[in-house]
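# Notes for the structure review
One-letter residues, chain by chain:
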Amino acid sequence: MGIQNLRPSPISATVDFDAQGVQHGFLRLPYSRDDSAWGSVMIPVTVVKNGEGPTALLTGGNHGDEYEGPAALFDLARRIEADEVRGRVIIVPAMNYPAFLGGTRTSPIDRGNMNRSFPGRPDGTVTEKIADYFQRVLLPLADIVLDFHSGGKTLDFLPFCAAHVLTDKAQEAKAFEYVRAFGAPYSMKMLEIDAVGMYDTAAEEMGKVFVTTELGGGGTATARSIGIAKAGVANVLKAAGILKGSAAPAETTWLDMPDGDCFSFAEDGGLIEPMFDLGDRVAAGDLVARIYPVGRTGVAPSEIRAKMSGILCARHFPGLVKAGDCVSVIAVVVD
Ligand SMILES: [Zn+2]
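Below, the structure is looked at part by part. Just so you know, these numbers come straight off a predicted model, no measurement behind them.

As a further point, take the overall build of the protein. Along the protein, the regular secondary structure elements total six helices and 19 strands. Taking 335 residues into account, the globule formula puts the C-alpha radius of gyration at 20 Å, and the protein, at 20 Å, falls close to it. Seen along its three principal axes, the alpha-carbon backbone of the protein occupies a region of about 65 × 50 × 40 Å. Looking at the protein as a whole, 53% of its 335 residues are labelled buried. Long-range contacts, defined as pairs at least 24 residues apart, comprise 70% of the intrachain contacts of the protein with a sequence gap of at least 6. Counting every atom, the protein has about 14,600 Å² of accessible surface; 52% of that belongs to carbon and sulfur. Side-chain charges in the protein split into 31 positive and 41 negative, and the spacing between the mean points of these groups amounts to 3 Å.

This part takes up the packing of aromatic side chains. To describe a pair of aromatic rings, one takes the distance between the centres and the angle between the planes. For the coordinates displayed, the defined rule picks out ten aromatic pairs. For the pair F118 and Y199, a centre-to-centre distance of 5.2 Å together with 35° between the ring planes defines the contact as tilted. Here the residue F118 occupies a position in the loop between α2 (97-102) and α3 (126-141), and Y199 occupies one in helix α5 (residues 199-205), the gap between them amounting to 81 residues. Among the residues examined, F118 registers a relative accessible area of 8% and is labelled buried. Ring-pair connections join several aromatic residues into one group, and the members of that group are Y67, F74, Y97 and F100.

The geometry of helix α1 (residues 68-79) relative to helix α6 (residues 223-239) is characterised by a closest axis approach of 9 Å and an angle of 55° between their N-to-C directions. By the angle between their axes, α1 is oblique relative to α6. As for how α1 packs across α6, the hand of that crossing is right-handed. The segment α1 lies against α6, with E68, A71, A72, L73, D75 and L76 engaging S225, I226, A229, K230, V233 and L237.

Let us now look at the nonpolar core. With 34 residues, the main nonpolar core has L58, F182 and L237 as its most contacted residues. Counting only elements with at least two residues in this core, the list comes to β4 (55-59), α1, β5 (87-92), β6 (144-147), β8 (160-164), α4 (169-182), β10 (209-214) and α6. Discounting residues that sit within four places of it in the chain, F182 has contacts with L146, F148, C161, T213, L215, I228, A229, A231, G232, V233, N235 and V236. Grouped together as the second largest cluster of nonpolar side chains are 33 residues, V288, I304, A314 and C326 included.

A separate point is the pairing of β10. By the criterion of burial, β10 is predominantly enclosed, with six of the six residues buried. Both faces of β10 are covered, namely the face carrying V209, V211 and T213 and the face carrying F210, T212 and E214. Two elements, β6 and β10, share four bridges in a ladder whose sense is parallel. Paired with L146 across the bridge in β10 is V211.

Rules of the game
Residues numbered from 1 in each chain as written. Predicted model: local features only at pLDDT ≥ 70, side-chain atom pairs only at ≥ 80, totals over all residues. Heavy atoms only, no water. Helix = DSSP H or I, 4+ residues; strand = E, 2+ residues; numbered from the N terminus. Rg over C-alpha atoms; globule rule 2.2 N^0.38 Å. Buried < 20%, exposed > 50% of the residue type's maximum accessible area, 1.4 Å probe, protein only. Contact = heavy atoms within 4.5 Å. Areas by Shrake-Rupley, 256 points an atom, 1.4 Å probe, with all protein chains shown as cover. Lys, Arg positive; Asp, Glu negative; His and termini not counted. Charge placed at Lys NZ, Arg CZ, Asp CG, Glu CD. Phe/Tyr/Trp six-rings, centres within 6.5 Å; stacked < 30°, edge-to-face > 60°. Axes fitted to C-alpha atoms, helices over the stretch in contact; angles between N-to-C directions. Parallel < 35°, antiparallel > 145°, perpendicular 65-115°, else oblique. Left-handed = near helix turned anticlockwise from the far one by under 90°. Core = buried A, V, L, I, M, F, W, Y, C linked by side-chain atoms within 4.5 Å. Pairing = 2+ DSSP bridges.

See the structure below:
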């Protein structure tokens, strides 16, 4: 990035991040538009502070069509009390709030993908302005960052908590301690297709302990997946010493995405026939999916074969697929 003299963020918080107690308010971002001349985007935020201690920054709705994070965090924000906290908890249940309200991955205002918009810009699009506020105001306050994701409308995942391989091995080890504390059914050493512009990368480059999840998908959430999210966030806060009590993580299966061979992408569009379900064991060379051309009958489907052995940890969700879509992700079980 280099040294830049950036203007202040246009976002103002209606809460005081240094005040003791529980505050519910908004990150208010001016957004002038046809239906509201001097209007604003009002992003809900809760801050809970009690004495001195570490700060956890908890976010959902980085992508607007992923629901475990918002469900767990709206619930936590409503219930959390100052006397059960030591340190500070900052909760933003729906980070890309316009995308969350639209039920879409990216913002309906500017098509901005929050997780490709970092470090953001104070004079950029609405999505870039939100990213910039996290980059320069909220992330620097945090010691530990937990960002909830799931597959959204187009992917479905086995429920896992994840962290990344980092060059700073102490930072990496700390992140994986919190992945274990979260206690999702699966725990992943995660590889990103393209880490540039991600919130994850921004937090990690600041030296923060960063933990993320993929808890389901298909543009909805289930009783089970929301339960995993609620238990996970409580466990992480307890492991950090911020919430009273001891973490009680459930059994987990460790997974690894060793290289790009774990991803398969469609080269043709059409109707997808999955040959495996999430959690199934797959061997290298196995047929993972068929894609039928739908223009006429009598045409052979194209075949997607596994490039490595492991278990199916993600799959394309809608029944129709386009060229370039991610069809499947395979991860290796670490014994
Ligand atoms: Zn996401």
